[in-house]
Amino acid sequence: MVKTRRIRTGKVLFWRWRHNPLRRPGDRLEAWIVLGAWLLALAAGLLAGVTNAAHTERSLAERRAELALTQAVLTENAPRPTTAPRYYSDDLVWATVRWTAADGTARTGPAQVEAGGVKGDRVTVWTDTDGRLVRRPPSATAARFQTDLIGASTGLAAWCFVLVCGRLVCVRLERRRLAEWATEWDRIGPQWRKRMNG
């Protein structure tokens, strides 16, 4: 009857892994490098993603706070909506409008307005602190999506960068190990050949 030995806990497995008689000194170093690279990649990815998302959210909020809704008047008829397929849900077209800046000067320029407007209609446009026309800022949902996307992509990039660096270190260790094996074989190989040839 074959006796089987049961390994009880993860502690025993860890102990056996560390004290494997076939383990070389470089193997343990490589194992710690891989473990450290994964932990560092996770931490760096989370930190970079959260930090960049918070920065993006703050900059979008500051930008939105600098803009203001301003009443303007169409100086020309706004084009009618096209029948081509749309990639956006709103029907906005470019048309020339006239508005009064905060300093009281009358200004004219192109702005995105609803399609089909008639000359003389009142429309709402976005202006900056200097009274210049600007694009409509993203909605709260769009800003949140943009923030999440930037945070996720930054976190993924940081994660990949750390893992690639860890892999490069392991490749260097592997090359050094192969060089050591080649040196050892140059020393022992002739002895084996003598024994095999008698």
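Residues numbered from 1 in each chain as written. Predicted model: local features only at pLDDT ≥ 70, side-chain atom pairs only at ≥ 80, totals over all residues. Heavy atoms only, no water.

Along the chain, the regular secondary structure elements total three helices and five strands. Its helices and strands in sequence order give the chain the pattern α-α-β-β-β-β-β-α, from N to C terminus. Among the 198 residues that make up the chain, the fraction classed as buried is 21%. By sequence separation, contacts in the chain at least 24 residues apart represent 63% of the contacts at least 6 residues apart. Just so you have it, the chain exposes about 15,500 Å², and 60% of that area is on carbon and sulfur atoms. (Helix = DSSP H or I, 4+ residues; strand = E, 2+ residues; numbered from the N terminus. Buried < 20%, exposed > 50% of the residue type's maximum accessible area, 1.4 Å probe, protein only. Contact = heavy atoms within 4.5 Å. Areas by Shrake-Rupley, 256 points an atom, 1.4 Å probe, with all protein chains shown as cover.)

Grouped together as the largest cluster of nonpolar side chains are 11 residues: Ala 72, Leu 74, Ala 78, Val 93, Ala 95, Val 97, Trp 99, Ala 111, Val 113, Val 123 and Val 125. Among the elements that make up this core, the one with the highest residue count is strand 2 (residues 92-100) (four residues). Discounting chain neighbours no more than four positions away, the residues touching Val 125 are Ala 68, Leu 69, Thr 70, Ala 72, Val 97, Ala 111 and Leu 133. (Core = buried A, V, L, I, M, F, W, Y, C linked by side-chain atoms within 4.5 Å.)

Here we take up the sheet that holds strand 2. If you walk across this open sheet you meet the five strands as 3-2-1-4-5, and the pairing is antiparallel. Edge positions in the open sheet fall to strand 3 (106-114) and strand 5 (133-134), since each of these has one partner strand only. Where strand 4 (residues 122-127) and strand 5 come together, two bridges link them in antiparallel fashion. The residue bridging Trp 126 from the neighbouring strand is Val 134, located in strand 5. (Pairing = 2+ DSSP bridges.)

This part is about the environment of Val 125. With respect to the element layout, Val 125 can be found in strand 4. The class of Val 125 is buried, set by a relative accessible area of 3%. Residues Val 125 and Leu 69 lie 56 residues apart in sequence; the distance between their C-alpha atoms is 5.7 Å.

Attention now moves to the side chain of Glu 30. With respect to the secondary-structure elements, Glu 30 resides in helix 2 (residues 25-66). Take Glu 30: its relative accessible area is 19%, and that puts it in the buried class. Those residues in contact with Glu 30 that sit more than four places away from it in its chain are Cys 170, Leu 173, Glu 174 and Arg 177.

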